[in-house]
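Structural description and commentary
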Amino acid sequence: MASNVSMVEAAPSAEAMAHFARRLSFETDCWDVHDALSRDAQDFVLLDVRSPTLYAAGHVPGAINLPHGKITERRMAEWPEGTLFVTYCAGPHCNGANKGALRLAQLGRPVKEMIGGVTGWLDEGFSLAAGEAVGSLVPAAAE
């Protein structure tokens, strides 16, 4: 007797490879973002697209608060063309990261979504920064 899992046959390997490779061009995860931030290897701009109130209550250190409704051509001109943006919101129950990513794509900007958002970040055991300051995972250099 087939389970609900196997009732629909899995895709052929070549199709599965193309599908999962394509997903990685749209998404990154909390672990990879944390790794880049903690090694000071941030080659992207991390955007928290939630409200300023939610951002101040707790955000990923290194993230800039830019609510998805305020992503405009004029605002994005602050960064060079070709800058990679990574959006996140509250978590899987929120589509703000998708809305922000869509706006960036409409402006011709490279973009990925950090899947999991704040919920995923906390699930990984990572800490949030509070307040309006961007914050950083990289400790300040000792003097």
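Residues numbered from 1 in each chain as written. Predicted model: local features only at pLDDT ≥ 70, side-chain atom pairs only at ≥ 80, totals over all residues. Heavy atoms only, no water.

A few words on the packing of aromatic side chains. Taken as a whole and judged by the stated rule, the model has three aromatic pairs. On the basis of an interplanar angle of 85° and a centroid distance of 5.4 Å, the ring pair of Trp79 and Phe85 is categorised as edge-to-face. An identical accessibility class is assigned to Trp79 and Phe85; each is buried. (Phe/Tyr/Trp six-rings, centres within 6.5 Å; stacked < 30°, edge-to-face > 60°. Buried < 20%, exposed > 50% of the residue type's maximum accessible area, 1.4 Å probe, protein only.)

Within the element layout of this structure, Thr83 appears in the loop between α4 (73-76) and β4 (85-88). Assessed through its relative accessible area of 15%, Thr83 is described here as buried. Side-chain polar atoms of Thr83 contact the backbone oxygen of Pro80, separated by 2.7 Å. Excluding residues within four positions of it along the chain, Thr83 makes contact with Val45, Arg109 and Pro110. (Helix = DSSP H or I, 4+ residues; strand = E, 2+ residues; numbered from the N terminus. Polar contact = N/O pair within 3.5 Å; in protein donor to acceptor, adjacent residues only side chain to side chain. Contact = heavy atoms within 4.5 Å.)

One open sheet accounts for five strands, arranged β1-β5-β4-β2-β3; its pairing is parallel. Where the open sheet ends on each side, the last strands, each with one partner, are β1 (27-29) and β3 (64-65). Pairing analysis gives two bridges linking strand β2 (residues 45-48) to β3, with the strands arranged parallel. Along β3, the bridge assignment pairs Asp48 with Asn65. The sheet contacts of helix α2 (residues 30-38) involve β1, β2, β4 and β5 (111-115), and relative to β1 the element is tilted by about 70°. Across the sheet, helix α5 (residues 96-106) touches β2, β4 and β5, and the angle it forms with β4 is around 155°. (Pairing = 2+ DSSP bridges. Axes fitted to C-alpha atoms, helices over the stretch in contact; angles between N-to-C directions.)

Relative to the helices and strands, Arg50 is located in the loop between β2 and α3 (52-57). Given a relative accessible area of 10%, Arg50 falls into the buried group. For Arg50, the side chain forms a polar contact with the side chain of Asp48, separated by 2.8 Å. A polar contact of 2.6 Å, which involves the side chain of Arg50, links it to the backbone oxygen of Gly58. Those residues in contact with Arg50 that sit more than four places away from it in its chain are Tyr55, Gly58, His59, Asn65, Pro67, Tyr88, Cys89, Ala90 and Val118.

The next subject is unusual backbone geometry. Glycine aside, residues mostly have negative phi, and peptide bonds are mostly found in the trans state. One non-glycine residue, Asp40, lies in positive phi territory at about 55°. Tracing the backbone shows Asp40 in the loop between α2 and β2. You can call Asp40 exposed: its relative accessible area is 61%.

Moving on: the state of the cysteines. For the coordinates displayed, the defined rule picks out zero disulfides. Distance from the sulfur of Cys30, which forms no disulfide, to the nearest cysteine sulfur (Cys89) is 11 Å. Using a relative accessible area of 4% as the deciding quantity, one classes Cys30 as buried. Looking at the unpaired Cys89, the closest cysteine sulfur is the one in Cys94, lying at 3.1 Å. The buried category is assigned to Cys89, whose relative accessible area is 3%. (Disulfide = S-S within 2.5 Å.)

This brings us to the pairing of β2. Remember that side chains alternate between the two faces of the sheet whenever the strand is regular. Burial along β2 is two-sided: the face carrying Val45 and Leu47 and the face carrying Leu46 and Asp48 are both buried. Note: β2 against β4, four bridges, orientation parallel. Looking across to β4, one finds that Leu47 is bridged to Thr87.

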